[in-house]
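The chain contents come next:
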Amino acid sequence: MSLADGQDLSEWEGGLFDPKNENSVSLLFRLLWIFTEWRSTTPDGLSLTEAGRPQGVPSDIDVGRSGKPETDTASGRSTVNYQWGRFLLWLDTKGAAGTPSAANPNGTPSRHQVGTASDLKSNDYDRLDELAERVGMKRTIGSEIWHYEIYRDPDPDIDFSRFSAVVRAIFGQATTAGDHTTTFDNRSPEQKEWDDIMTNADDLQKSLQAILAALGQPKDDATKTAAIVRNYSAEKGVNVATAVIFPDKELTAIRLTQFMDVTAIEVAMVQVFGLLPTGWDQPEVATRYPGQLNDAQWRNFWQIYPGKMIGFRDEDFLPGKRPVIDGKPKGQ
């Protein structure tokens with residue numbers, strides 16, 4: 001995806017947009033309407049500072065940290081990784097060079113990265129607020145007067161079709177959004193994943209039943225509570241650091257791998273076992289299973305865990321101190 005690697009992006013008014021990202025396309029249509037309405041009465045006083053912000057590649061961090069210009073990144077643009085490198089440079093030089101703050105590339109993606117936010121500079125933010133509200137955008141960060149995000153569908157009387165030819169010209173191609181008739185999807189990425197998985201719940205149930213049968217795990221009843229423990233420090237990209245704890249007599253904990261869909265496992269646990277998540281009444285997946293640990297907590301937790309453990313690795317325990325049980329490494 002272009003907002004991830006910084007490739008194949010298009011530029012309008014100095015902002016970056018991704019023709020393959022529906023959020024980004026939607027944002028462009030909305031901004032075109034805002035700028036057209038603004039400039040119909042006032043030619044100046046409104047400019048776009050930033051739209052999409054690509055993640056970039058890991059080597060961009062080194063570019064920023066070495067003090068090189070953003071044109072030396074893999075995409076030739078400023079990226080989240082590049083700005084993080086600039087922040088590390090600031091730390092390295094004790095403030096003599098670099099940037100004093102930046103978003104952590106391993107943290108939650110910003111709205112700029114997912115394509116739903118823009119930074120707008122204006123001489124009349126009250127007027128800009130009114131126009132932005134018409135297209136379903138608003139300011140969402142109190143300390144950033146310039147930051148506007150999509151939060152709902154535009155007013156139904158707005159006709160975006162007049163901008164279709166402009167958008168095609170900007171991107172040099174047609175887009176999946178067409179004349180911007182797609183309803184804005186305001187679900188969180190987590191909720192989208194959950195909903196997608198639930199549409200295939202029957203298949204998940206059959207698959208997990210087969211897996212658990214092979215592991216010798218008995219089907220339980222709905223009066224029990226399942227638990228998921230996750231090392232949020234280590235679980236990034238394709239690296240999975242999550243374990244499922246079953247409410248059987250042995251308190252069996254099974255470490256998941258990158259070949260398992262963690263959210264799917266959560267759904268299937270309810271489908272197959274009838275088990276309630278620890279925070280079953282919470283709307284988001286992460287809060288339904290609140291066992292979020294950092295690296296040190298994760299290692300100490302499994303170091304003293306009293307139940308049966310399956311599929312664990314050396315790095316899940318204190319360095320060089322993995323316990324040995326019955327002649328075998330604990331949790332093997």
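Structure first, text after, so check above.
Keep in mind it's a predicted model, so treat the numbers as computed, not measured.

### Considerations on the packing of helix H2 (residues 22-39) against helix H7 (residues 164-171)
Part 1: H7 packs onto H2 with a crossing angle of 125° between their chain directions and a minimal axis gap of 11 Å. Viewed along their axes, H2 and H7 adopt a mutual orientation that is oblique. Considering only the axes of H2 and H7, their crossing is right-handed. Of H7, the residues touching H2 (which contributes Val25, Leu28, Phe29 and Leu32) are Ser164, Val166, Val167, Ile170 and Phe171.

### Focus: the sheet that holds strand E5 (residues 137-139)
Part 1: Taken in spatial order, the four strands of this open sheet run E3-E4-E6-E5, and their pairing is antiparallel. A single partner strand is all that each edge strand has here, and the edge strands are strand E3 (46-50) and E5. Averaged over all pairs of adjacent strands, the angle between their axes in this sheet comes to 40°, without regard to strand direction.
Part 2: Examined bridge by bridge, strand E4 (residues 117-122) and strand E6 (residues 147-150) share three bridges and lie antiparallel to one another. Within E6, the residue paired with Asp119 across the bridge is His147.
Part 3: Contacts between H2 and the sheet are confined to E3, E4, E5 and E6, with E3 contributing the most and set at about 160° to the helix.

### With respect to the nonpolar core
Part 1: Trp12, Phe17, Leu31, Ile34 and Met137 are the most contacted members of the largest nonpolar core, which totals 30 residues.
Part 2: Breaking this core down by element, the ones donating at least two residues are H2, E3, helix H6 (125-134), E6 and H7.
Part 3: Looking at this core, the element that brings in the most residues is H2, giving ten residues.
Part 4: Residue contacts for Leu31: discarding those within four places in its chain leaves Trp12, Phe17, Leu48, Ser118, Leu120 and Met137.
Part 5: By size, the runner-up hydrophobic cluster in this structure holds eleven residues, among which are Ala243, Ile245, Trp298 and Phe312.

Definitions and cut-offs
- Residues numbered from 1 in each chain as written.
- Predicted model: local features only at pLDDT ≥ 70, side-chain atom pairs only at ≥ 80, totals over all residues.
- Heavy atoms only, no water.
- Axes fitted to C-alpha atoms, helices over the stretch in contact; angles between N-to-C directions.
- Helix = DSSP H or I, 4+ residues; strand = E, 2+ residues; numbered from the N terminus.
- Parallel < 35°, antiparallel > 145°, perpendicular 65-115°, else oblique.
- Left-handed = near helix turned anticlockwise from the far one by under 90°.
- Contact = heavy atoms within 4.5 Å.
- Pairing = 2+ DSSP bridges.
- Core = buried A, V, L, I, M, F, W, Y, C linked by side-chain atoms within 4.5 Å.
- Buried < 20%, exposed > 50% of the residue type's maximum accessible area, 1.4 Å probe, protein only.

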